[in-house]
Amino acid sequence: MKLATLKNGTRDGKLVVVSRDLTLAVEASDIALTMQYAIENWSEVEGPLTAIYTLLNNGECEHSFTFDPYQAMAPLPRCHQFIDASAFLNHGNIMEKAFNLDVKTDPNIPILIQRQSDDFRGPHEDYAFITEGDNADFEGEFAVITDDIPLGTSAENIESHIKLVTILNDMSMRKHLFRELQMGFGFILAKPATVFAPVAVTPDELGDAWKDGRIHLDMQVSRNGEWFGHPSGGEMDFTFGQILGHIAYNRSIKAGMILGSGTVSNKGWKDVGSACLAERRALDILEFGEVKTDFLKFGETLQFDVQDAEGQSVFGRIDHKMVKA
């Protein structure tokens, strides 16, 4: 099943069911007005929403309309909790090697940070920021959305609580990042609003690409229409289940929690490229001895997409432009 949230003048938008090929949609207001309501009441709404999805794909929904991703908000426009991981250890290893960083990590414990969850951006909205001097960067990531997860739920049983999967662009302002890290707490100015794909899908939509708690598909990234990378989600070192199990060790997770994977990064970067400017800049240093890649400038565009084995976009494309606030 594929779900999206369309603009309707409210902060939470209206929930719609989207066809598998992303061409049609139908309102789900009789079942759930918003995505948050659907996630909080998943056991009651999953069946009726799935029934609509089947009818929509069979061309049997009389009230269907053309799905316009430009009217899409983030699938879950705001949430009670957004946690971002750094589950692709290759990304951190590259950064540490290039910049001689001394990062104290434990290979058995995922790196996590609480993130801003009240200001998500839609897939085709212009992205406004204050100054190019903040060194704006992007990070292509996978993400999951969960229902309620009780405190102490084991990693073995926790994947069943993953209800939806999507992708995001985790924007960063690198000028502020190291300063905030050195202060010993989390990011604030370094991590502004996050951008999401137009559609979130149930894990079964991924078929064989959803296995071992990972998404075994490529993250297609372009900058100004030019290829930047296509690293695979299959090299994620910590599974989504392992990360959720760690978080739920001593807290209850409430429905609508979003967990990001961290920058998708592969060891074979010479062939598959990157999903992040900071990583590419670090690779410049390792390969050429100097940085050759600029941070984002006003007017630039970014594109993120994930396609299935048939070349069909799974989540719809993130395609947005950098503008001055």
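Above this text is the structure in question.
First things first, this report covers the structure right here in the doc. (Residues numbered from 1 in each chain as written. Predicted model: local features only at pLDDT ≥ 70, side-chain atom pairs only at ≥ 80, totals over all residues. Heavy atoms only, no water.)

What to know about the packing of aromatic side chains
Working step 1: Within the structure shown, the criterion is met by 7 aromatic pairs.
Working step 2: For the pair Phe 82 and Phe 120, a centre-to-centre distance of 5.6 Å together with 85° between the ring planes defines the contact as edge-to-face. Separated by 38 residues along the polypeptide, Phe 82 in strand E5 (residues 82–85) and Phe 120 in the loop between strand E6 (112–115) and strand E7 (127–129) bring together distant segments of the chain.
Working step 3: Given the relative accessible area of 0%, Phe 82 is considered buried.
Working step 4: Aromatic ring contacts, followed pair by pair, group Phe 82, Phe 120 and Phe 196 into a single cluster.
Working step 5: Across the ring face of Tyr 127, the terminal group of Arg 121 is positioned such that the distance to the ring centre comes to 5.1 Å.
Working step 6: One cation-aromatic arrangement involves Lys 292 over Phe 288; the distance from NZ or CZ to the ring centre is 5.3 Å. (Phe/Tyr/Trp six-rings, centres within 6.5 Å; stacked < 30°, edge-to-face > 60°. Helix = DSSP H or I, 4+ residues; strand = E, 2+ residues; numbered from the N terminus. Buried < 20%, exposed > 50% of the residue type's maximum accessible area, 1.4 Å probe, protein only. Lys NZ or Arg CZ within 6 Å of the ring centre and 35° of its normal.)

Overview of the pattern of salt bridges
Two side chains bearing opposite charge may form a pair once their charged atoms approach each other closely.
Working step 1: By the definition in use, this model includes 14 salt bridges.
Working step 2: Across the pair Arg 174 and Glu 139 runs a salt bridge, and its minimum N-O distance is 3.0 Å. Of this pair, Arg 174 sits in helix H5 (residues 174–182) while Glu 139 sits in the loop between strand E8 (136–137) and strand E9 (140–146), and the two are 35 residues apart along the sequence.
Working step 3: Accessibility expressed as a relative area gives 14% for Arg 174, which makes it buried.
Working step 4: Where salt bridges share partners, they join Asp 84, Arg 115, Asp 137, Glu 139, Asp 170, Arg 174 and Lys 191 into one cluster. (Salt bridge = Lys/Arg side-chain N within 4 Å of Asp/Glu carboxyl O.)

Some remarks on the nonpolar core
Buried together is how nonpolar side chains tend to be arranged in soluble globular proteins.
Working step 1: Formed by 60 residues in total, the largest nonpolar core has its most connected members in Leu 206 and Leu 259.
Working step 2: Per-element tally for this core: the top contributor is helix H6 (residues 240–247), with 4 residues.
Working step 3: Once residues lying within four places of it in the same chain are set aside, the contact partners of Leu 206 are Val 165, Val 201, Ile 215, Leu 217, Val 314 and Phe 315.
Working step 4: Judged by nonpolar contacts, the second largest core, of 30 residues, contains Ala 38, Val 45, Leu 76 and Phe 196. (Core = buried A, V, L, I, M, F, W, Y, C linked by side-chain atoms within 4.5 Å. Contact = heavy atoms within 4.5 Å.)

Section: the side chain of Asp 134
Working step 1: Mapping Asp 134 onto the fold places it in the loop between E7 and E8.
Working step 2: One buried charged side chain, Asp 134, makes no salt bridge at all; its nearest oppositely charged neighbour is Lys 175, positioned 4.5 Å away.
Working step 3: Within the local environment of Asp 134, its side chain forms a polar contact with the side chain of His 176, the two groups lying 3.0 Å apart.
Working step 4: Discounting residues that sit within four places of it in the chain, Asp 134 has contacts with Met 173, Arg 174, Lys 175 and His 176. (Lys, Arg positive; Asp, Glu negative; His and termini not counted. Polar contact = N/O pair within 3.5 Å; in protein donor to acceptor, adjacent residues only side chain to side chain.)

Some words on the packing of helix H3 (residues 89–99) against helix H8 (residues 277–288)
Working step 1: Viewed as axis vectors pointing N to C, H3 and H8 meet at an angle of 45°, and their least axial separation amounts to 9 Å. Classed by the angle they form, the pair H3 and H8 counts as oblique. With respect to the hand of their crossing, H3 and H8 are arranged in left-handed fashion. Between H3, through His 91, Ile 94, Met 95, Lys 97, Ala 98 and Phe 99, and H8, the contact on the second element is made entirely by Ala 278, Glu 279, Ala 282, Leu 283, Ile 285 and Leu 286. (Axes fitted to C-alpha atoms, helices over the stretch in contact; angles between N-to-C directions. Parallel < 35°, antiparallel > 145°, perpendicular 65-115°, else oblique. Left-handed = near helix turned anticlockwise from the far one by under 90°.)

Thoughts on the side chain of Ser 261
Working step 1: When you line up the elements, Ser 261 lands in the loop between strand E18 (258–260) and helix H7 (269–272).
Working step 2: Apart from the residues within four sequence positions on either side, Ser 261 is in contact with Asp 84, Ala 85, Ser 86, Ala 87, Phe 88, Glu 141, Phe 142, Met 236 and Phe 240.

Observations regarding the sheet that holds E7
Working step 1: Ordered by their spatial adjacency, 5 strands build an open sheet running E7-E20-E19-E16-E17, and the pairing between neighbours is mixed. The open sheet has two edge strands with one neighbour each: E7 and strand E17 (226–229). Direction aside, the axes of adjacent strands within the sheet are offset by 30° on average. (Pairing = 2+ DSSP bridges.)

A word on unusual backbone geometry
Working step 1: In this structure, Leu 22 is a non-glycine residue whose phi angle is positive, near 65°.
Working step 2: Topologically, Leu 22 is positioned in the loop between strand E2 (14–18) and strand E3 (24–27).
Working step 3: Residue Leu 22 is classed as buried on the basis of its relative accessible area of 13%.

As for the pairing of E2
Working step 1: Counting buried positions over the 5 residues of E2 gives 4, a clear majority of the element.
Working step 2: In the sheet, strand E1 (residues 2–6) pairs with E2 via 5 bridges, with the strands oriented antiparallel. The residue of E2 that forms the bridge with Thr 5 is Leu 15.
Working step 3: The hairpin turn running from E2 into E3, its antiparallel successor, is 5 residues long, and Leu 22 in that turn takes a positive phi close to 65°.

Concerning a nonpolar patch on the surface
Working step 1: Residues Phe 99, Leu 101, Phe 178 and Leu 181 make up a contiguous nonpolar surface patch of about 320 Å² in total accessible area.
Working step 2: Checked against the element boundaries, Phe 178 lands in helix H5.
Working step 3: On the basis of relative accessible area, Phe 178 is assigned to the partly exposed category, the value being 38%. (Patch = residues over 30% accessible without salt bridge, like charges linked within 9 Å, V, L, I, M, F, W, Y side chains within 5 Å. Areas by Shrake-Rupley, 256 points an atom, 1.4 Å probe, with all protein chains shown as cover.)

Let's talk about H6
Working step 1: Of all 8 residues in H6, 6 are buried, a share of seventy percent or more.
Working step 2: All of the buried residues in H6 are Phe 240, Gly 241, Ile 243, Leu 244, Gly 245 and Ile 247.

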